[in-house]
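Descriptive structure summary
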Amino acid sequence: MKKLSKDAFGGVKGSDYKPYVENAPKKSGSQLVLLFGLLLSALFAASTAYSGMKAGLTVAAGIPGAIIGSGLVSGFVKPKSILSTNILQLMSSGGESVASGIIFVMPAIILVGGKLSFLQGVMFGLGAVFFGVGVFSIVQKYMLIEEHGNLVYPESMAIAETLVVSENGGEALKFMGIGFGIGGLITAFTSSMFGLINNSITYVNESFYKWKISTEVNPLLVGVGFIVGIEVAIVIFAGSLFANFALVPIIGYFMQMTESTHHVWDKTDLLLNTADFATIYSSYVKYIGAGMMISGGIIGALKLIPTIISSISETLKSKKDGSSSGDTSPLSILIGAAAVLVAGFIVTGNFMIALVGGLLSIFLSFLFVIVAGRLTGTIGTSNLPVSGMTIASMVFLTLLFSVMGWTSPENIKHLLLFGTFIVLAISVAGGYAQSQKVTFVMGGNMKETRKYFIYSTVIGVIIVTGMIVILAPQLVETGSNPPFGLPQANLIATLTSGIISGELPWHMIIAGIVIGIILFMANISVMSFAMGVYLPISTTSIILVGAILRVILDRANKKTTEEVADKRVSQGISLSSGLIAGGSIIGLIGIILQVTGVITPKIPTGFLGSNGAGIVLLLLVSGAVLTPLLRIKE
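What this report covers is the structure whose coordinates are included nearby. Sequence order sets the numbering: in each chain, residues are counted from 1 along the sequence as written. Only residues with pLDDT of at least 70 get local features here, since the model is predicted, and only at 80 or more are side-chain atom pairs given and counted; chain-wide, interface and lining totals rely on the full set of residues. Heavy atoms throughout the structure, all of them, feed into the side-chain values; hydrogens and water do not.

**With respect to the pairing of strand S2 (residues 211–216)**
Spelled out, the test is: If DSSP finds at least two bridges between two strands, the strands pair. Each helix is a run of DSSP H or I of at least 4 residues and each strand a run of E of at least 2, with the numbering of both proceeding from the N terminus.
The pairing of strand S1 (residues 200–205) with S2 spans six bridges and is antiparallel. Considered in S2, the bridge of Ser200 is made with Glu216. Between S1 and S2, which follow one another and run antiparallel, lie five residues, and Phe208 among them has a positive phi close to 55 degrees.

**Focus: empty space enclosed by the protein**
For the record, the criterion: With a 1 Å grid laid over protein atoms only, a set of points is called a cavity when a 1.4 Å probe fits there but cannot get out and a pocket when it is open yet has protein on both sides within 12 Å along at least five of seven lines; lining residues have an atom within 4 Å of a point. Grid points are joined across faces, edges and corners, and a volume is the space filled by probe spheres set on the points. Ten residue types, Ala, Val, Leu, Ile, Met, Phe, Trp, Tyr, Cys and Pro, are classed as nonpolar, four, Asp, Glu, Lys and Arg, as charged, and the remainder, Gly among them, as polar.
Taken as a whole and assessed by the stated rule, the structure comprises three cavities of 30 Å³ or more. In this structure, the largest cavity spans a volume of roughly 70 Å³. Taken together, Ala60, Ala61, Gly62, Ile63, Pro64, Glu155, Ile159, Leu220, Ser382, Gln434, Ile580 and Ser584 make up the lining of the largest cavity. For the lining of the largest cavity, the elements supplying multiple residues, two or more each, are helix H2 (62–76), helix H5 (154–168) and helix H20 (562–595). Its residues placed into classes, the lining of the largest cavity shows seven nonpolar, four polar and one charged. What the second largest cavity holds in volume is close to 60 Å³. Lining the second largest cavity, in full, are Ser70, Val73, Ser74, Lys80, Ser81, Ile82, Thr85, Leu163, Ser166 and Glu167. Of all the secondary structure elements, the ones that give two or more residues to the lining of the second largest cavity are H2, helix H3 (82–111) and H5. In terms of residue class, the lining of the second largest cavity is made up of three nonpolar, five polar and two charged.

**Description of unusual backbone geometry**
To be explicit about the condition: Between buried and exposed lies partly exposed: a residue is buried under 20% and exposed over 50% of the maximum accessible area for its type, with that area taken using a 1.4 Å probe on protein chains only.
Cis geometry is adopted by the peptide bond preceding Pro79, which originates at Lys78 and carries an omega value of -5 degrees. Mapped onto the fold, Pro79 is located in the loop between H2 and H3. Of note, Tyr153 is a non-glycine position whose phi angle comes to about 45 degrees, a positive value. The phi dihedral of Phe208 falls on the positive side, at around 55 degrees, and the residue is not glycine. Structurally, the position occupied by Phe208 is in the loop between S1 and S2. According to the relative accessible area criterion, Phe208 is exposed, its value standing at 70%.

**As for the nonpolar core**
Where we set the bar: Here, nonpolar core means buried Ala, Val, Leu, Ile, Met, Phe, Trp, Tyr and Cys residues that are tied together by side-chain atoms lying within 4.5 Å of each other. In what follows, a contact means two residues having at least one pair of non-hydrogen atoms within 4.5 Å.
If you look at the biggest cluster of nonpolar residues, it comprises 192 residues, and the most contacted ones within it are Leu4, Phe136, Val285, Val441, Met442 and Ile468. Of all the elements, helix H13 (residues 409–442) adds the most residues to this core, at 19 residues. Contacts of Phe136, omitting those with residues within four sequence positions, involve Met143, Leu144, Tyr153, Val369, Gly373, Tyr432 and Ala433.

**Observations concerning the pattern of salt bridges**
Let me state the cut-off plainly: By convention in these notes, a salt bridge is any Lys or Arg side-chain nitrogen within 4 Å of a carboxyl oxygen on Asp or Glu.
In total, this model carries five salt bridges according to the counting rule given. For Arg550, the salt bridge goes to Asp554, with nearest N and O atoms at 3.9 Å. Here Arg550 pairs with Asp554, and both are found in helix H19 (residues 537–557), just four residues apart, close to one helical turn. Residue Arg550 is classed as buried on the basis of its relative accessible area of 19%. By relative accessible area, which is 33% here, Asp554 ends up partly exposed.

What follows is the structure, given as C-alpha cells:
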C-alpha cells in the first residue's frame, strides 16, 4: 500500500521532493468534478456563515471536504484520481474560507444601522478573492516549496493524509480511524454537540493577583499540537502565560486602586475597581495582542520584501515552458485592486474616499495576506488569528477616516466595506495557502487548482453575501437570546465606533506594538508569541499538550530501532490527522444541528460538569493517543 512519504513533512528541499503522484496529468478536473466542487463550496459556505454568525464558531472544511470528496470521486468520477479528490477538498476550503472572513466585518454594517445591498457586498467580496489569491501566488513558490519542512502546514498535511488513507486504506487508515474515533466521540459528548461532559479545565483567581489557567480538551487541537511540534507550541503558550499571569494581574492591580467614578472603557456600567479577569482580558489585554500583531505583520512583511520582489521578477520574466508559465497572479492582483477602487467610488460617490480608502485597504491586505500565508504554515487555518489581523487593519483604516473627517454614519458603512475587503483577502489567502500546500504534496497542477479555488470562492461570496442581506432583520435583533450572536461583527462595530468617537484604549495598542518590537530584537517569533497573547490560554495549552505527547513518543523512540521509530511517527501523524478529521467533522455537524435547533446541548452537572471530568477526559485522550503508537513494535 502506497502512503505519504516522510519527505512530505520535511527533511528534503522542496525542489527535491517527489510528490505522492509523481507523473501527474496536467489536468485532473472535469465538468463533473467542477459541479461537485461548486456544490461542496456552497454547502460549506452556507453552513459556516450560519453557524459563525449564530455562535461565532467555524470549522475548517479541508478534511471534511477531502473525505466527502473521496466518496464522490469513488462513486461517480471516472477515471478515479486522488488529484480529483484534492480539487474537491480545495473547493470546500474555498467556500468555507470566504464565509469565515465575511462574517467578521460585513454584518457590522447592519449592526451600525447601515443598509447593505447585494451588489455592493459582491463587488468588494470578489475583489478581495482575486487580490488575496493573487498576492499569495507571487510568494507561494517560496512558502510552499523553498520553505518545505520549515513551514510545516499542519492541517495541509492532515488533509494530505486523509486523501491518501481514503484512497489506499491499510494500516494508515487504521490509525487514522483510531484518531477519528477518539476525536469524533469526545467532540460528540462535549459542548460541540450533546454537552454530556465538561471538557474544560479552568482555574481562576479574582483576588489580589488575578490569573487564569485553562485547558479545553479538544482532540482537534491535540492533533494540531502533535503535528506542529514542541518549539512552536512553547512560543505560543509563552504568549498566553504572559497575558494570563503578567498582563492581567498588573492591569488588575492598578485598576483596584481607582476611584469608584471610573469605568471600563467599553463597558460604562462596570467600574474599573470591580473588573474581573474576563473583563480585563477582553477589554485591554486583547488590544495589546492586536498591537503586537501589528508589529509582527509589519516586520514579517519587511523581511519578505526581497522574496516578493524576486518572485514578481521571476513571474514577469518566465517563459512559456518555464515553471511559472502562464502564471496569472499579477493579473489577479490587478483585478482585485481595481475592483476595490472602482467599487469604492461607486458606493461612496467620492473620489477621495475611494482612492485613499482603497489604497490603504490594498496595502493592509497585501501585508496581512503574506502574514496569513506564513501563519497557516505554522498553525493551520483553524487557529489563524484572522481577528487579530482584522482588528489591526480596522484600527488603521478607522483612524484614517477619523483624521480625514469622514465620520458620518454613511462613511462608517464605507469604512466597513473596505474592512470586508481586507478580512476576506486575509481569510481566503489562508485557505488558499493551505490548499495549495496539499496540491504540492500530492503532485497536482497548482495553476489548475488555483482556477478551481477561485471558482469556489466566487460561489462563496455570492451565497454568504446573499444570506447576510436576506437575514438583515434577524441580525439586528437583540435581547437575552437573539437569533444571531455575531460576536466578531459586534467587536468590529464597537471598535470602529470607538475610534470614530475617540474612545479606544490606544495605550494598550501602542504598548503591544512596542512589545512586538522588543520580541523581534530578542529574536523571538513575534506573531507566534502575539497569537498566544490574543488566543485564550485554553486553546494554546491544549496545543502544547499535543506537542508534549509528540515529545514523549520521540523519547520512547530512542529505546527502539530507527525503523520502528519512523513507523511510530508516521502513524502518529495519521492518528493526529484522524483527531483533526473527527473533531472537525463532528464539530461541524454539531454546530449545524445546534444552531438549527435539531439538538439542544445539555449543561453537565455534578462530577460530569466539574474540572475533575475535564482532567479525566484529558488523561483519556492522552492515553488513547500514545497507547496504540507505543504498541508498534515492528
